[in-house]
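# Structure assessment
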Amino acid sequence: MTLPPEAFWALSAFVFLAGLCIGSFLNVCIWRIPRDESIVWPGSHCPACGHPIAPWDNLPLLSWLILNGRCRHCRAPISPRYFLVELLTGALFTALWLVHGVSVLTPVYLLFAAALVMATFIDLDHLILPDRVTLGGMILGPVLSFALPALQGQTDRLPALAHSLLGLALGYGLLWLVATLGRLILKRDAMGMGDWKLLGAIGACLGAQAVLFTIFVSSLTGTLLGLALIAARRKALQSKIPYGPHLALAAVLWMLCGPACIAAYLEWAMPLPPATLFWTGGFP
Ligand SMILES: [Zn+2]
């Protein structure tokens, strides 16, 4: 479906602004969910002085810039991460909208992206992945796949549900296997239970191909970061690096360009159609 240019630009701006507002809400979730606080009550307040934050001091991006990254009342610094999470969510929403356009799947992908941003920053802060994202995704994935078979690239509901359950089992099972082998060989926990629940959720929502893509990309980025940190002497070989952000980054990349990457890779790895590899009919 093609939109007239004015409608396209208006919708793009709306998606970006919606992403900023959702990012602002994600900041609240990232702070409160690991602390078992309600995400709706009380309203936003400064973590340093407890003063409630007025709506006009709570505008995404702008307020942080206007207040110069400080609380209006006690002047305590506000982490630039609030700004970053808002901008990141706005940018991801816009990118997903530009790739998927007007489709029933676009709002679903935006929801997944928001959940992955939240999981990433909670994992960075606390080395945990919240059940609301991981178990939530494992339950929501099959339900959404049944309701919207296109999510699994299907036209019928039952095959879509089967794809979702296969993705869930593969994601959960593969990382469970990696973690179990890691514990036997390395005698320590290489991976938390949250990691395999998150990959189960990614599989349930995006399918088995997405699980394989996510394992490949996340092990690549995880290894590169680990080597870089060791080279910079920031981390010892034994220290714990959260793996959730790598899984989340890979899943977002899958939503943006995963199938295109696989098609390009297959074309590069197998430039000839399989039948011609066995061509024996004399010289061409
Ligand atoms: Zn304050």
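Quantities reported herein were computed from a predicted structural model and do not represent experimental measurements.

Turning our attention to the overall build of the protein. From N to C terminus, the protein includes ten helices and zero strands. Mapped in sequence order, the helices and strands of the protein form the string α-α-α-α-α-α-α-α-α-α. Expressed along its principal axes, the backbone C-alpha trace of the protein runs to roughly 85 × 60 × 40 Å. The buried share among the 284 residues of the protein stands at 32%. Long-range contacts, defined as pairs at least 24 residues apart, comprise 66% of the intrachain contacts of the protein with a sequence gap of at least 6.

Once that is clear, we can look at the domain arrangement of the protein. Taken as a whole, the protein is organised into domain 1 (8–102) and domain 2 (103–261). Taking only C-alpha atoms, the centre of domain 1 and the centre of domain 2 are 24 Å apart. Contact with domain 1, which involves 18 residues of that partner, is made by 19 residues of domain 2. Going through the elements one at a time, helix H1 (5–32) and helix H3 (80–100) are the ones with two or more residues in the side of domain 1 that touches domain 2. If you tally residues by element for the side of domain 1 that touches domain 2, the top one is H3, at ten residues. Considered class by class, the residues forming the side of domain 1 that touches domain 2 number 15 nonpolar, three polar and no charged.

Quick look at the nonpolar core now. With 55 residues, the main nonpolar core has Ala113, Leu116, Met118, Ala119, Ile202 and Ala251 as its most contacted residues. Of all the secondary structure elements, the ones that give two or more residues to this core are H1, H3, helix H4 (105–126), helix H5 (131–147), helix H6 (157–186), helix H7 (193–206), helix H8 (208–231) and helix H9 (244–269). For this core, the leading source of residues is H4, giving 13 residues. When sequence neighbours within four positions are dropped, the list of residues in contact with Ala113 reads Leu92, Phe93, Leu96, Val252 and Met255.

Let's shift gears to the packing of H4 against H5. Two numbers describe how H4 lies on H5: the axes approach to 11 Å, and their chain directions differ by 165°. If you check the angle between H4 and H5, you find them roughly antiparallel. As H4 packs across H5, the resulting crossing turns out to be left-handed. Listed contacts from H5 to Val108, Ala115, Met118 and Ala119 of H4 are Val133, Gly137 and Leu144. Within the contact of H4 with H5, the residues separate by chemical class into six nonpolar, one polar and no charged.

To continue, consider H9. A rise of 1.5 Å per residue sets the reference length of H9, with its 26 residues, at 38 Å; its end C-alpha atoms lie only 30 Å apart and thus fall more than 12% short of the reference. A bend of about 75° at Cys257 is the largest found in H9, and the proline Pro259 appears one to four places after it. Gly244, Pro245, His246, Leu247, Ala248, Ala250, Ala251, Val252, Trp254, Met255 and Gly258 are the residues of H9 that are buried. Looking at the packing, one finds that the buried side of H9 touches H3, H4, H7 and H8.

Peptide bonds are mostly trans, and most non-glycine residues show a negative phi. Here the amide bond leading from Trp41 into Pro42 is cis, since omega sits at -10°, within 30 degrees of zero. Take Pro42: it is sitting in the loop between H1 and helix H2 (62–66). Its identity as a non-glycine residue notwithstanding, Leu61 has a phi of 60°, on the positive side. Relative to the helices and strands, Leu61 is located in the loop between H1 and H2. Accessibility expressed as a C-beta count within 10 Å gives 15 for Leu61, which makes it partly exposed. For Arg75, which is not a glycine, the phi torsion comes out positive at approximately 65°. Tracing the sequence through the fold places Arg75 in the loop between H2 and H3.

The end-to-end C-alpha distance of H1 is 41 Å, a good match for the 40 Å that 28 residues give at a rise of 1.5 Å each. Within H1, burial applies to Gly19, Leu20, Ile22, Gly23, Ser24, Leu26, Asn27, Cys29 and Ile30. In this structure, the buried side of H1 is in contact with H3 and H4.

Right, let's get into the packing of H1 against H3. Put simply, H1 and H3 touch, their axes get as near as 7 Å, and they point 140° apart. The element H1 and its partner H3 pack so that their crossing is right-handed. Residues Ser12, Val15, Phe16, Ala18, Gly19, Leu20, Ile22, Gly23, Ser24, Leu26 and Asn27 of H1 form the contact with H3, whose participating residues are Tyr82, Val85, Glu86, Leu88, Thr89, Gly90, Leu92, Phe93, Thr94 and Trp97. Tallied by class, residues from the contact of H1 with H3 come to twelve nonpolar, eight polar and one charged.

Calculation notes
- Residues numbered from 1 in each chain as written.
- Predicted model: local features only at pLDDT ≥ 70, side-chain atom pairs only at ≥ 80, totals over all residues.
- Helix = DSSP H or I, 4+ residues; strand = E, 2+ residues; numbered from the N terminus.
- Buried ≥ 20, exposed ≤ 12 C-beta atoms within 10 Å, placed from the backbone.
- Contact = placed C-beta atoms within 7 Å.
- Domains from an automatic or database assignment.
- Nonpolar A, V, L, I, M, F, W, Y, C, P; charged D, E, K, R; others polar.
- Core = buried A, V, L, I, M, F, W, Y, C linked by C-beta atoms within 7 Å.
- Axes fitted to C-alpha atoms, helices over the stretch in contact; angles between N-to-C directions.
- Parallel < 35°, antiparallel > 145°, perpendicular 65-115°, else oblique.
- Left-handed = near helix turned anticlockwise from the far one by under 90°.
- Expected span 1.5 Å × (residues − 1).
- Bend = angle between axes of the 7 residues up to and from the residue.

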